[in-house]
Amino acid sequence: MDGDEKPSEEDRSKGYFTSVRITDVTPFCIKLVKTAPSFADAAMGRLAQGTKVLAEGGYEKIFRQTFETVPEEELRNSYACYLSTSAGPVMGILYVSTAKLAFCSDNPLSYKSGSQMEWSYYKVVIPLHQLKAVNPSSSRNNPAEKYIQVISVDNHEFWFMGFLNYNGAVEFLQGTLETRNLETV
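Q: So what exactly am I meant to see when it comes to the pairing of strand β8 (residues 146-152) here?
A: The side chains of a regular strand alternate between the sheet's two faces. Most of β8 sits inside the fold, with 5 of its 7 residues counted as buried. With 7 bridges connecting them, strand β7 (residues 131-138) and β8 associate as antiparallel partners. Looking across to β8, one finds that Ala133 is bridged to Ile151. Examined bridge by bridge, β8 and strand β9 (residues 157-161) share 5 bridges and lie antiparallel to one another. Paired with Ile148 across the two strands is Phe160, which belongs to β9. Between the end of β8 and the start of β9, which pair antiparallel, lie 4 residues, with Asn155 showing a positive phi angle near 65°.

Q: Is there a simple way to explain the sheet that holds strand β3 (residues 100-105) in this structure?
A: The pairing of strands in a sheet comes from backbone hydrogen bonds and takes either a parallel or an antiparallel form. In space, the 7 strands of this open sheet follow the order β6-β3-β2-β1-β9-β8-β7, with antiparallel pairing throughout. Only two strands of the sheet have a single neighbouring strand rather than two, namely β6 (123-127) and β7. Averaged over all pairs of adjacent strands, the angle between their axes in this sheet comes to 30°, without regard to strand direction. Relative to the sheet, helix α4 (residues 59-66) contacts β1 (75-85), β2 (88-97), β3 and β6, its axis offset from that of β2 by approximately 100°.

Q: How should the pairing of strand β4 (residues 109-113) be read in this particular structure?
A: In this sheet, strand β5 (residues 116-120) lies alongside β4 in antiparallel orientation, the contact comprising 5 bridges. Considered in β5, the bridge of Ser113 is made with Gln116.

Q: It is not clear to me how the pattern of salt bridges should be interpreted in this structure. Could you clarify?
A: Side chains that differ in sign of charge can pair as their charged atoms come close. Applying the stated criterion to the full structure yields 1 salt bridge. Residue Lys100 is joined to Glu73 by a salt bridge in which the shortest nitrogen-to-oxygen separation is 2.8 Å. One end of the pair, Lys100, is in strand β3; the other, Glu73, is in the loop between α4 and β1, and 27 residues separate them in sequence. Take Lys100 and Glu73: they sit in the same class, and that class is buried.

Q: Please clarify how the nonpolar core should be interpreted in this entry.
A: One broad trend across soluble globular proteins is that nonpolar side chains are buried collectively. With 23 residues, the main nonpolar core has Ile148, Phe160 and Phe163 as its most contacted residues. Listing elements by their share of this core, those giving two or more residues are β1, β2, β3, β6, β7, β8, β9 and α5 (166-184). A per-element tally of this core places α5 first, with 5 residues. Of all hydrophobic cores here, the second largest spans 9 residues; its members include Phe67, Leu75, Tyr95 and Cys104.

Q: Explain the confidence of the model for the protein to me, please; I cannot follow it from the model alone.
A: Where the model shows low pLDDT, its predicted coordinates should not be examined in detail. On average, residues of the protein carry a pLDDT of 77, and 68% of them reach 70 or more. Of all the helices and strands in the protein, helix α2 (residues 27-35) carries the lowest mean pLDDT, 41, while β6 carries the highest, 96. Note on residues 1-8: pLDDT is under 50 here. Beyond four places in sequence and across chains, it has 11 contacts. Under a pLDDT of 50 for its full length, residues 10-37 has, in the predicted model, 27 contacts with residues more than four places off or in other chains.

Q: How do you make sense of unusual backbone geometry when you look at a structure like this?
A: Excluding glycine, a negative phi dihedral is what most residues carry, and trans is how most peptide bonds are arranged. With phi around 65°, Asn155 is a residue other than glycine that occupies positive phi space. With respect to the helices, strands and loops of the structure, Asn155 is situated in the loop between β8 and β9. Asn155 gets classed as partly exposed once you look at its relative accessible area, which sits at 48%.

How each quantity is defined
- Residues numbered from 1 in each chain as written.
- Predicted model: local features only at pLDDT ≥ 70, side-chain atom pairs only at ≥ 80, totals over all residues.
- Heavy atoms only, no water.
- Buried < 20%, exposed > 50% of the residue type's maximum accessible area, 1.4 Å probe, protein only.
- Helix = DSSP H or I, 4+ residues; strand = E, 2+ residues; numbered from the N terminus.
- Pairing = 2+ DSSP bridges.
- Axes fitted to C-alpha atoms, helices over the stretch in contact; angles between N-to-C directions.
- Contact = heavy atoms within 4.5 Å.
- Salt bridge = Lys/Arg side-chain N within 4 Å of Asp/Glu carboxyl O.
- Core = buried A, V, L, I, M, F, W, Y, C linked by side-chain atoms within 4.5 Å.
- pLDDT = per-residue confidence, 0-100.

Structure (structure tokens):
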């Protein structure tokens, strides 16, 4: 079946996927398919995330409920993205405040504790004074796959990917690091 052919009634009833012309797919959709288990899972995840943000009063409120903050700390930006882990990419939000970089998964992840299955949100917090580097990167095999490597002063590396506005995220994160460096001089 080519991209212009309609699926048969039998194919539709069995739930078979039809082919899609590449011109019908946006770069964002391609990125979601590569990082999520399926396009439908990725789309549903982003819809659920948007609903949660609206229901809970916005990113600022979610940030303050999710992470310990001080009263003078301000949320400067937030990015829907994925954190690369040994278990695969984890969808969530990367928050940038006046005090820290913080990531929290959209959904709790399961892990084993003894003989019991536990669930917990995947969180990463890097205080800005412990931020060493922010490096843009891309796959050697596929330059369209872009990542942001964040390194802490104790040389822990965190790889973020799947940004809607990759260049904007790189500029903002590097600017945050530069501002922090100027403040400590």
